[in-house]
Amino acid sequence: MRAQSASVIPLRPLLLSMAISVVPFLAQAETADAAKALLNSKCMTCHLPTEGEGLNRIDESRRTPEGWDMTIVRMMQAHGLKITTEERQTLVKYLADTHGLAPEEVEGRRYLLERDFTLVEKPDDQLVADTCARCHSYGRIALQRRTEDDWRKMVHFHVGQYPVIEIQASGRDRDWWDIASGEVPKRLGKMYGHESDAWRKWVQQAHVSAAGEWRLVGHRPGWGTYEGVATIASTGDDNYSIKVTYNYANGKQETAEGKAVMYTGYEWRATLKQGDLDVRQVFTLSPDGKTLSGRWYQQGVDSIGGRLQAVRAGKDAPAQLLAVEPSYIKAGTTQRVALYGNNLSGDVQLGEGVEVVKVLENTPGKVVVEARAAAGAKDGARNVAVGNSQLDKGLALYQKVDFINIEPGYAMAHIGGNGGSRPKVPVQFESVGYAYGADGKAGTADDIRLGYFPATWSVDDLNEYAAQLRDKEFAGTLQENGLFIPGDAGPNPKRKYGTNNAGELKVTAVVDDAGRKVEASKPLVVTVQRWNDPSIR
């Protein structure tokens, strides 16, 4: 039975321990006093009171909403905590609000919260990474704040909970225990200490409601650029209802409707029905409440999703230019260019060497023009403007596509389905065109990113061993739009050794640049199901 061709991946129920999506995050939050009383009643049995009416361990750490939910799940699994879904939600909300992270403390590690696993992490400290990030991501550490003593207790907990950690983490090549229990907590206490100026400032800041009208733009891999509007209404106690309309540049349209909760004054979490998908939004509300941005993804299949940027809409909102589609124009050609924004008015300027021939559509949210690029114009990104609203480097002019890269940067698919509990995890590939820049070389700082180009896609075995095992035949299928659907889960009697449908493949994209073929390839690992998939890996 071959892998399915549909782009919507069927979902299976997730186990309680596997993902934060099992928590609805939609229940009305209780008052702070009621939540604190619930915390005391559920947690004081094990966590002794401290000075200042706090609880031991709990008041020595701060975390994201996902981090606190993982803690509660661990208490349920390891210590038999009895708690309802509504109580669990109330505690997550209260702890994230009172023991959370300031926006600056999450910056740089949001990819884990947004479940964007297409990059390679860069640790802040190599010794900590060598000691701790052998088993989980470095960002999981960086998304916590603890006292030095609590970091040390965390080390002891790991050894007690996972007694073979020294062996399985290859710890015997060094004085592992002295490093882990001595040096590492000191470093963690300094880098990610419990007290911080950022948190003290944040808890004193008045938080802004997200209710209102919003103008949005974004990119969905495989579908392209979109623009639209969202209406957010308060339902009380940091809870919201949301309705969204998405208009894609390829002519498709979607609507979405759902509910959301705001944690810590800026952490937006929503669940919506978007077209045929059940999706989850992980966004950030700016401290001034004027922008909302982040990533949304299909629940249970986080590789399917897109990015979104939204600004306040309405007649009183400032004029803003948000996106240009397409983001490139070839020298010596004429094409339609759409400019998306909010309360746009005035003349359109597309930068040096690009002339506006005709205005085809002109509304406050969208301006469409016919543009012509001079044949001898110099490669480079142009600032674009509509009246006084400017978008820096909004349009790239190029003579030719010098090279392409394939996104995502790190490609891994997981087999699934076939009656099993885990869905298939696909990969949506896209081809990105570049011009060399002044130095005439690829992969340097002056490369000019042009944008996403349509491509012809193909897949092959990565190496000789993959060819011997016929990985290309069994590991999955690559659709015309670059969406790779992995094979079915389970042993396959047609394969050598009766193994599963994992494999090592090579994906190739070919872009047609006015009759000139530009090609790139990259490896794709197709592996087995991920059985333990916590909210923060």
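Please refer to the structure placed before this passage.
This text gives an overview of the structure that appears in the document. If you're wondering where the values come from, they're calculated on a predicted model, not measured in any experiment.

Here we come to unusual backbone geometry. The omega torsion across E325 and P326 is -5°, close enough to zero to call that bond cis. Here P326 shows up in the loop between strand 13 (320–325) and strand 14 (328–330). The backbone phi angle of R115 is positive, close to 55°, even though this residue is not glycine. For R115, the location among the structural elements is in the loop between helix 5 (110–113) and helix 6 (126–132). Assessed through its relative accessible area of 8%, R115 is described here as buried. Despite not being glycine, T264 has its phi angle at roughly 55°, a positive value. Along the chain, T264 turns up in the loop between strand 8 (253–263) and strand 9 (267–274). Its relative accessible area of 3% is what places T264 among the buried residues.

Attention now moves to the side chain of S196. Here S196 shows up in the loop between helix 10 (176–191) and helix 11 (197–204). By relative accessible area, which is 15% here, S196 ends up buried. Only 2.9 Å separates the side chain of S196 from the side chain of E105, close enough to count as a polar contact. Among residues more than four places away in sequence, those in contact with S196 are R62 and E105.

Taken together, four strands build an open sheet; the order of strands is 22-30-29-26 and the sheet is mixed. Strands at the two margins of the open sheet, each flanked by one partner only, are strand 22 (412–414) and strand 26 (456–461). Strand-to-strand, the axes of this sheet are offset by a mean angle of 30°, without reference to chain direction. Inspection of the sheet shows strand 22 paired to strand 30 (residues 516–527) by three bridges, in the parallel sense. By the bridge assignment, M412 is partnered in strand 30 with V525.

The next point concerns the pattern of salt bridges. Once their charged atoms are close, side chains differing in charge can pair, the charge on each being opposite to the other. The tally for this structure, following the rule as stated, stands at 37 salt bridges. Across the pair R152 and E148 runs a salt bridge whose closest N-O atoms are separated by 2.9 Å. You can see R152 and its partner E148 sitting in helix 8 (residues 148–161), four residues apart, about one turn around the helix. With a shortest N-O distance of 2.7 Å, D533 and R537 are connected by a salt bridge. When its relative accessible area of 8% is taken as the criterion, D533 is described as buried. In this structure R537 comes out as buried when scored by relative accessible area, which is 17%. Sharing partners across several salt bridges, the network here consists of E66, R110, E114, E267, R269 and R307.

Before going further, it helps to examine the state of the cysteines. All told, the structure shown has zero disulfides when counted by the stated rule. The closest cysteine sulfur to the non-disulfide-bonded C46 is located on C43, 8.6 Å from its own sulfur. Of all cysteine sulfurs in the structure, the one in C132 sits closest to C135, which takes part in no disulfide; the separation is 8.9 Å.

Parameters at a glance
- Residues numbered from 1 in each chain as written.
- Predicted model: local features only at pLDDT ≥ 70, side-chain atom pairs only at ≥ 80, totals over all residues.
- Heavy atoms only, no water.
- Helix = DSSP H or I, 4+ residues; strand = E, 2+ residues; numbered from the N terminus.
- Buried < 20%, exposed > 50% of the residue type's maximum accessible area, 1.4 Å probe, protein only.
- Polar contact = N/O pair within 3.5 Å; in protein donor to acceptor, adjacent residues only side chain to side chain.
- Contact = heavy atoms within 4.5 Å.
- Pairing = 2+ DSSP bridges.
- Axes fitted to C-alpha atoms, helices over the stretch in contact; angles between N-to-C directions.
- Salt bridge = Lys/Arg side-chain N within 4 Å of Asp/Glu carboxyl O.
- Disulfide = S-S within 2.5 Å.

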